[in-house]
Amino acid sequence: MAKPRKAKPEDPKPANSGAVVRHQKLCLSIDTNLRRIYGYTELEIEVPDIGIVGLHAENLGIESVLVDGDPTEFEYYPHNQGADSENRCASALSSPISAADAAAAAYISALEMELIPNLLINCCTKMQIEQINTETNGVQSSAEVKQNVKSVRVNYWVEKMETGIHFEDNVVHTDNQIRRARCWFPCIDDNNQRCCYDLEFTVAHNLVAVSNGSLLYQVLSKDDPPCKTYVYRLDVPVTAQWISLAVGPFEILPDQHNALISHMCLQPNLPKLRNTVEFFHSAFSDYEQYLDAKFPFGSYKQVFLAPEMAISSSTFGASLSILSSQVLFDEKVIDQTIDTCIKLAFALARQWFGVYITPEAPNDEWLLDGLAGFLTDLFIKKFLGNNEARYRRYKANCAVCKADDSGTTALSSSLACKDLYGTHSIGLHGKIRSWKSVATLQMLEKQMGPDFFKKILQAIISRAQSACPVRSLSTKEFRHFANKIGNLERPFLKEFFPRWVGSYGCPVLRMGFSYNKRKNIIELAVLRECTATLDSSVSILNANPDSDNRDGDFGWPGVMTVRVYELDGMSDHPDLPMAGDAWQLLEIACHSKLAARRYQKPKKGSKPDGSDDNGDMPTVDMRSSVESPLLWIRADPEMEYLAEIHFNQPVQMWINQLEKDEDVVAQSQAIAALESLPELSLSVVKALNNFLTDSKAFWRVRIEAAFALASTSSEETDLAGLQHLVKFYKSLRFDADTGLPKPNDFRDFPEYFVLEAIPRAIATVRAADRKSPREAVEFVLKLLKYNDNNGNPYSDVFWLAALVQSVGELEFGQQSIFFLSSLLKRIDRLLQFDRLMPSYNGILTISCIRTLAQIALKLSGFIHLDHVFELIKPFRDFKTIWQVHIEASRALLDLEFHYNGIDAALLLLIKYIEEEPSLRGQVKLGVHAMRLCQIRVVSVSNEDIKATTLVALLRLLESRTAFNNVFLRHYLFCIFQILAGRSPTLHGVPKDKLPRMDDVEICNEQKNNFAALVTEIRPPPQPPVDNPNLLHDNLVISEVSKEVDTVSNSHERKTAVVKIRVKQSATTSKAEEADNGTVERSQDGERSQGRYHDVDRGATSSVSVDAPQKNSVEAVSISNQNIEEVNSFHDHGSRITASIGSAKIASEGDNFGKELQCTADSGNVSVHPQPDDPSSPSIIQDNYIDAEARKYASLQTLSVSRQDGCSLGTVDSQFQGKERKKKKKKDKEKKRKREEHKGDQDDPEYLERKRLKKEKKQKEKEMAKLLSEVKAPLTELIGKKEETTSLTELAGKKEELDINSATVQLKASELSKVEIRTESREGTTSAPKFRIKIKNKTLNKL
């Protein structure tokens, strides 16, 4: 069992750059008139031994960096330079599958790029360098330990307020998108870095700056015009993600019951704010009472902004929540109340779990999310009632069971968290994970009891507020608490957490029973299945070391309770094991006994099934209840398991459950079962109607009964469901004398919600011709025509919106088409009325637009698309209400999709996203387009998507628009995956099979920026005197670390990439473990300069050099390295791969080439020898390269030297031994193949393959012969700057190659084989590619 960590002040050092931020100060001046943000940040950092600190920064202009008050060197490489995708080849994205692969490669590369610090700061002074050089045996003095903590100050300004922080008129606010805090202040934007903050914001005197922590004081300057500085202090360590800011002319509303709470909004929304937050103090105090602790932050602020400003409806920060003003409501609005209360309660719960208590690792984020949801459920139960809480939980569990079928929903899977890069909280999968987290914790609460679970949460908070606080929480620690405080047994926990937390899939139980009258027992048959595939779930369990389910015992820990309702009462039977055999047969004893009764024969004239002509209830169902003591049976009545249960029992027992069980979950299950019956009887309709008319029943379940009545209404039942619905509505809302609707009266809220749903239920009724009955259309028209809200204290905007949406649900036939014109006139009248007097959040106009689009789609054969477009298009005006504008865009996307297909819809989506100014609007459009793609997949459409559309969509994914909007970028990626028939998630994407993207190519730029500095600190050992040539035989490469992915230095898309991997033998690797790399970069004066040292060098290293398409200089030389072939991503212009079979450092007398240069050019690239001046590592000689390309283009050099003078004879002998083994193995393989094909001598297929193989070998011999002719003049090429050799003859007559030049310089004693092969993708117009293999079989011995 895992033990909890010992209390310690802070968390361990992250693996970022080795630096740890102890404290950070942020001082900014914000000018809303000029839209400028400038200032500085000071970080108190524990500097690692290497002396380099890596920070994250984007969209920032770095003016200067100071360490302990002294200027220092730094390097700043913005990641989001704006990818130029003009060179994207449409033929390469000819299918959705290839486009999905390209999108996945671009998306994953962008996410990996964001993990790398891009502001590198040199924190070492010359004095410290000398001190480090004089270290002996790694011992440091106390003075040096103190100097390890540095004060780093970064003076900067925000260049682009596009993401992270935004300007909207005179309002400035931040968004807490994933890894976007770096876009408004430099920081270590990592979830493992937590520190305290001092925050100072200077704004105009008439504005209010709201930020995290406690407001210490305000300072009013004497400037003209005056400015005001707000000073905040946050004493609780948090990550940079939770630092927030909101600036604007806010109206401040202090809470009347709690001085710690402040509510703020813009002036027009103040009345709504005052009405909305009346309940909030109760939730605040209840959380404190339940957790037995005071609110961890000094104060709590809620700021409500316009919905188009924020990227989501709620943004969380430490002691601050920024929410959309769309959730505010006045005293006249009813429908918005419940959702707003829950949203505000969850934002407050997130302050406790998520901001204050943080996850120890990404695998533990589910736990904090689940605990926040658990607190929210407690609020719902207390303030909205137990029925609301249980109903919501039941519906959430049903959604989880349907979607929990892949590794995306595994809560604490290391592989899943690594693959998702933090995107697991986005979209539908994020909601499913959140609901599953809450359900998992509630299952634990059921097992241990509510009091013990409460003590666990109190212990977590108490530990965080102790003298030695521990504010992080892990899954292992929580499991330990469940054992020690919750008194749950270790074997149960050892099975529970791997199955529910570490894996995915929910149990599916199919159950049926038979009553044995003689034994008075119930024989219950159960089949247990899983929502996920058996193999995948078992494989995850077997990979988990904590799981014991390795021998085919696939199940869940614990037993399920079966509750039996009998004539004499109710009894629970916890007898159903959730593990073991999938098929199980249980015997449950009954406690009630029936007196012997004489069986009555059916009456004359009765139906064969036992029912009477005039009776409403079949005799068969009555006999089932009379001949057995059972009323109904329920499995898992207390929802102790997150399971999907299919129970089969007689109809009368379902009716009994609906009428007599007071649990809302039981009632909802009974309604779903009755609605799905293949044959309906009047008894079912009567039971549903009785429940609908029962005012004591929960209103949400009554609405379900209304829609069930509508679905059961058919010709078989003489539309009895429709008649019951109309009769019920008229009995409450119609005047008996006039036959017209009464004026609205919404004072009874449950009745209001039920009556509001009745028209939509009636609109779903269908006759035999699948059209809406005439009575249904007339009824909806009458309600619209005679709606009267005079004298009603509440608004009828949601009521009218529901009526308008019911019109969209109607299907017009020949008998009802005449009512369409009247309905459209009513809708037009409502639109005109709403334009003059806008409704709450434009809800009425939104429903009208949605209904008009639905009618246009249903009557597409009679209505021209252009007319509908002209009708809806004016609502896309950006001057309209934001919600209306977005709904109009959605409607036009729907029309484009259904009329012209998904290809046209995607093109329209790209246009709308580029025009949409708000981030949240872009997100909603992306979600809607994703749903359209899912509809296309479900409909199995064979419509082809044009390559140009895929290219345009991929450009959008790689653009700055997508970088600024994390959610939009994720949804665009999901669109590609759905079009390819895949799951819309990053989980399971095969990274090794993805194409390498040139604009997101990973390089090692930031690993070697300060290599020269490190060389000064730790100079590499000098080579031995007897081998002086080693210094000149360095391989000029850039070393890539195994642990850190790096980003391409090239900011131009049109570049060729050459990638060489160096693999050392075991002996050579050991000898070179201490080698250091040096990279010197030559850049324009506008870029900062610095150096970096690559500490961790593995046995293999690779280089990715992005060279300009014009002229560049690259010198390649080799020293004590064995080079293997590696496939590198190539530009469409060229590809070169060099493969050297073996190479070693020669002795002084050996003339083997100490210099090797291989260059193939199929574009306009000319390669020159390296200049004699070693201080100039790269020279760009091209007058045609534009200024931007020249600014960023550079070549990197890395000096690699041996640190000892040992002989390499051992390496040579090992190499020869390996060659003999390979040859022997090859001979055995040939012999085995000959024996296998001995009986295939007469097989025509075998003979054909053999013939083709011979032809291939013959061609290779001819190629080698041609190359031998080229070998002679090779020695003449040495020392020349440029030589052109035509290679057209080498390719034969099959392909025409456009090759300007090829230069190969070799110094070798014996060249055994050189191959040049051309490669070209089929169906592409790109230039051919060359693969050059150079193998040297023998070397001179030392």
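Residues numbered from 1 in each chain as written. Predicted model: local features only at pLDDT ≥ 70, side-chain atom pairs only at ≥ 80, totals over all residues. Heavy atoms only, no water.

Mind laying out the overall build of the protein, listing which residues take part and the relevant values?
The helix and strand tally for the protein stands at 37 helices and 39 strands. The buried share of the protein, taken over its 1342 residues, is 56%. In the protein, 76% of the contacts between residues at least 6 apart in sequence involve partners at least 24 apart. (Helix = DSSP H or I, 4+ residues; strand = E, 2+ residues; numbered from the N terminus. Buried < 20%, exposed > 50% of the residue type's maximum accessible area, 1.4 Å probe, protein only. Contact = heavy atoms within 4.5 Å.)

Give a detailed account of helix H13 (residues 490-501), specifying residues and quantitative values.
Every α-helical turn comprises 3.6 residues, leaving residues that sit three or four positions apart pointing alike. With twelve residues, H13 should cover 16 Å at 1.5 Å per step; its first-to-last C-alpha distance of 16 Å lies within 8% of that length. With nine of twelve residues buried, H13 is to be regarded as a mostly interior element. Among the residues making up H13, those that are buried are Phe 492, Leu 493, Glu 495, Phe 496, Phe 497, Pro 498, Arg 499, Trp 500 and Val 501. (Expected span 1.5 Å × (residues − 1).)

Quick one: what's the story with the packing of aromatic side chains, residue by residue and with numbers?
One pass over the structure, following the stated rule, counts 32 aromatic pairs. Ring geometry for Tyr 107 versus Phe 973: centroids 5.0 Å apart, planes at 40 degrees, classification tilted. Of this pair, Tyr 107 sits in helix H1 (residues 96-114) while Phe 973 sits in helix H32 (residues 966-979), placing them 866 residues apart in sequence. Considered together, Tyr 107 and Phe 973 belong to a single accessibility category, that of buried residues. Ring plane angle 15 degrees and centroid distance 6.2 Å describe the contact between Phe 734 and Phe 779, whose orientation is recorded as stacked. Of this pair, Phe 734 sits in the loop between helix H20 (720-733) and helix H21 (749-763) while Phe 779 is found in helix H22 (residues 774-785), placing the two residues 45 residues apart along the sequence. Judged by relative accessible area, which is 6%, Phe 734 ranks as buried. (Phe/Tyr/Trp six-rings, centres within 6.5 Å; stacked < 30°, edge-to-face > 60°.)

Can you lay out the nonpolar core for me, pointing to particular residues and giving the numbers?
Counting 314 residues, the largest nonpolar core has Phe 353 and Phe 478 as the members making the most contacts within it. Ranked by the residues each element gives to this core, the list is headed by H32, at ten residues. Among all residues touching Phe 478, those that are not within four sequence positions of it are Leu 367, Leu 371, Leu 441, Leu 444, Phe 453, Ile 456, Ile 460, Leu 473 and Phe 497. (Core = buried A, V, L, I, M, F, W, Y, C linked by side-chain atoms within 4.5 Å.)

I'd like a rundown of the packing of H21 against helix H23 (residues 797-809), residues and numbers included.
Two numbers describe how H21 lies on H23: the axes approach to 7 Å, and their chain directions differ by 15 degrees. Relative to H23, the element H21 lies roughly parallel. As for the relative orientation of H21 and H23, their crossing is right-handed in sense. Residues Tyr 752, Leu 755, Glu 756, Pro 759, Arg 760 and Ala 763 of H21 touch H23, and the partners they reach there are Phe 798, Trp 799, Ala 802, Leu 803, Gln 805, Ser 806 and Glu 809. Of the residues assigned to the contact of H21 with H23, the class counts are eight nonpolar, two polar and three charged. (Axes fitted to C-alpha atoms, helices over the stretch in contact; angles between N-to-C directions. Parallel < 35°, antiparallel > 145°, perpendicular 65-115°, else oblique. Left-handed = near helix turned anticlockwise from the far one by under 90°. Nonpolar A, V, L, I, M, F, W, Y, C, P; charged D, E, K, R; others polar.)

How would you sum up the pairing of strand E17 (residues 261-265)? Please name residues and give values.
In terms of residue burial, E17 counts as a mostly covered element, since five of its five residues are buried. Taking every second residue as pointing to the same face, both faces of E17 are buried, with Ile 261, His 263 and Cys 265 on one and Ser 262 and Met 264 on the other. Pairing analysis gives four bridges linking strand E16 (residues 251-254) to E17, with the strands arranged antiparallel. Looking at the pairing, Glu 251 lines up with Cys 265 of E17. Following E16, the chain reverses through six residues before pairing antiparallel with E17. (Pairing = 2+ DSSP bridges.)

Just give me the short version of the confidence of the model for the protein, but keep the residues and values in it.
Within the protein, residue pLDDT values average 77, and 67% of them lie at 70 or more. In this model residues 998-1215 is a low-confidence stretch, pLDDT under 50, and it forms 505 contacts with partners more than four residues away in sequence or in other chains. (pLDDT = per-residue confidence, 0-100.)

Run through the sheet that holds strand E25 (residues 559-566), naming residues and quoting values.
With antiparallel pairing, the three strands of this open sheet are ordered in space as E26-E25-E28. The open sheet is flanked by strand E26 (569-577) and strand E28 (630-635), the only strands paired with a single partner. Neighbour-to-neighbour, the strand axes of the sheet open up by a mean angle of 20 degrees, direction not taken into account. As paired strands, E25 and E28 are joined by five bridges and run antiparallel to one another. Residue pairing for E28: Arg 563 is matched across the bridge by Arg 634.

Tell me what's going on with the environment of Ile 426, and back it up with residues and numbers.
Mapped onto the elements, Ile 426 comes out in the loop between helix H9 (414-420) and helix H10 (427-448). For Ile 426, a relative accessible area of 3% corresponds to the buried category. Separated by 544 residues in the primary sequence, Ile 426 and His 970 have C-alpha atoms spaced 7.8 Å apart. Leave out the neighbours within four places in its chain, and Ile 426 touches Ile 178, Val 966, Phe 967, His 970 and Tyr 971.

Mind laying out the sheet that holds E16, listing which residues take part and the relevant values?
Pairing between the strands of a sheet is mediated by backbone hydrogen bonds and can be parallel or antiparallel. Spatial ordering of the open sheet is given by E16-E17-E18-E20-E19, a layout of five strands whose pairing is mixed. One side of each edge strand has no neighbouring strand; the edge strands of this open sheet are E16 and strand E19 (314-317). Taking each pair of neighbouring strands and ignoring which way they run, the sheet shows an average axis angle of 15 degrees. Across the sheet, helix H6 (residues 336-352) is in contact with strand E18 (300-305), E19 and strand E20 (320-324); its angle to E18 comes to roughly 135 degrees.

With reference to specific residues and values, describe the pairing of strand E1 (residues 20-31).
Note: E1 against strand E2 (residues 36-46), eleven bridges, orientation antiparallel. Of the residues in E2, the one forming a bridge with Lys 25 is Glu 42. Between the antiparallel neighbours E1 and E2 lie four residues, among them Arg 35 with a positive phi of about 55 degrees.

Describe the pattern of salt bridges, listing the residues and the values that go with them.
Summed over all chains, the structure comprises 34 salt bridges. With its nearest N and O atoms 3.6 Å apart, the salt bridge here joins Glu 477 to Arg 463. Taken as a pair, Glu 477 in helix H12 (residues 475-484) and Arg 463 in helix H11 (residues 450-464) lie far apart in primary sequence, 14 residues in all. In this pair, the class of Glu 477 matches that of Arg 463, namely buried. The closest approach of N and O atoms between Glu 529 and Arg 510, which form a salt bridge, is 3.1 Å. Within this pair, whereas Glu 529 is found in strand E24 (residues 521-530), its partner Arg 510 is found in strand E23 (residues 507-516), the two being separated by 19 residues in sequence. Under the relative-accessibility criterion, Arg 510 is labelled partly exposed at 38%. In this structure, a network of salt bridges that share partners links the residues Glu 114, Arg 179, Arg 180 and Arg 969. (Salt bridge = Lys/Arg side-chain N within 4 Å of Asp/Glu carboxyl O.)

With reference to specific residues and values, describe a nonpolar patch on the surface.
Where nonpolar side chains cluster on the molecular surface, the patch consists of Leu 216, Tyr 217 and Val 219 and spans about 270 Å² of accessible area. Along the chain, the position of Tyr 217 falls in strand E13 (residues 214-220). (Patch = residues over 30% accessible without salt bridge, like charges linked within 9 Å, V, L, I, M, F, W, Y side chains within 5 Å. Areas by Shrake-Rupley, 256 points an atom, 1.4 Å probe, with all protein chains shown as cover.)

Give a detailed account of the packing of H23 against helix H25 (residues 843-858), specifying residues and quantitative values.
Interhelical geometry of H23 versus H25 gives an angle of 5 degrees and a closest axis separation of 8 Å. Between H23 and H25, the angle falls in the class roughly parallel. Along the contact surface, H23 presents Val 797, Phe 798, Leu 800, Ala 801, Val 804, Gln 805, Val 807, Gly 808 and Glu 809, while H25 presents Ile 843, Leu 844, Ser 847, Cys 848, Arg 850, Thr 851, Gln 854, Ile 855 and Lys 858. The residue inventory of the contact of H23 with H25, partitioned by class, reads ten nonpolar, five polar and three charged.

Could you give me a rundown of the environment of Leu 932, with the residues and numbers involved?
By secondary structure assignment, the location of Leu 932 is in helix H29 (residues 919-938). Sequence separation between Leu 932 and Ile 902 is 30 residues, and the spatial gap between their C-alpha atoms is 7.5 Å. Those residues within four positions of Leu 932 in sequence are excluded, and the remaining contacts are Leu 893, Asp 894, Phe 897 and Ile 902.

Could you give an account of the side chain of Asn 516, naming the residues involved and the relevant values?
Mapped onto the fold, Asn 516 is located in strand E23. Look at Asn 516 and you get buried, because its relative accessible area is 18%. Polar side-chain contacts of Asn 516 include one of 3.2 Å to the backbone nitrogen of Arg 518. Once residues lying within four places of it in the same chain are set aside, the contact partners of Asn 516 are Ile 521 and Glu 523. (Polar contact = N/O pair within 3.5 Å; in protein donor to acceptor, adjacent residues only side chain to side chain.)

Give a description of unusual backbone geometry that names residues and reports values.
Cis geometry is adopted by the peptide bond preceding Pro 225, which originates at Asp 224 and carries an omega value of 0 degrees. Relative to the helices and strands, Pro 225 is located in the loop between E13 and strand E14 (227-238). Located in the positive-phi region is Asn 59, a residue other than glycine, with phi close to 60 degrees. By the secondary structure assignment, Asn 59 is in the loop between strand E3 (52-55) and strand E4 (60-67). According to the relative accessible area criterion, Asn 59 is buried, its value standing at 5%. Although it is not a glycine, Tyr 421 adopts a positive phi angle of roughly 55 degrees. Here Tyr 421 falls in the buried class, since its relative accessible area comes to 11%.

Just give me the short version of a positive patch on the surface, but keep the residues and values in it.
On the surface, Lys 1253, Lys 1256, Lys 1257 and Lys 1261 cluster together into a positively charged patch. Position of Lys 1253 relative to the elements: it lies in helix H37 (residues 1244-1271). Judged by relative accessible area, Lys 1253 falls into the exposed class, the value being 51%. (Lys, Arg positive; Asp, Glu negative; His and termini not counted. Charge placed at Lys NZ, Arg CZ, Asp CG, Glu CD.)

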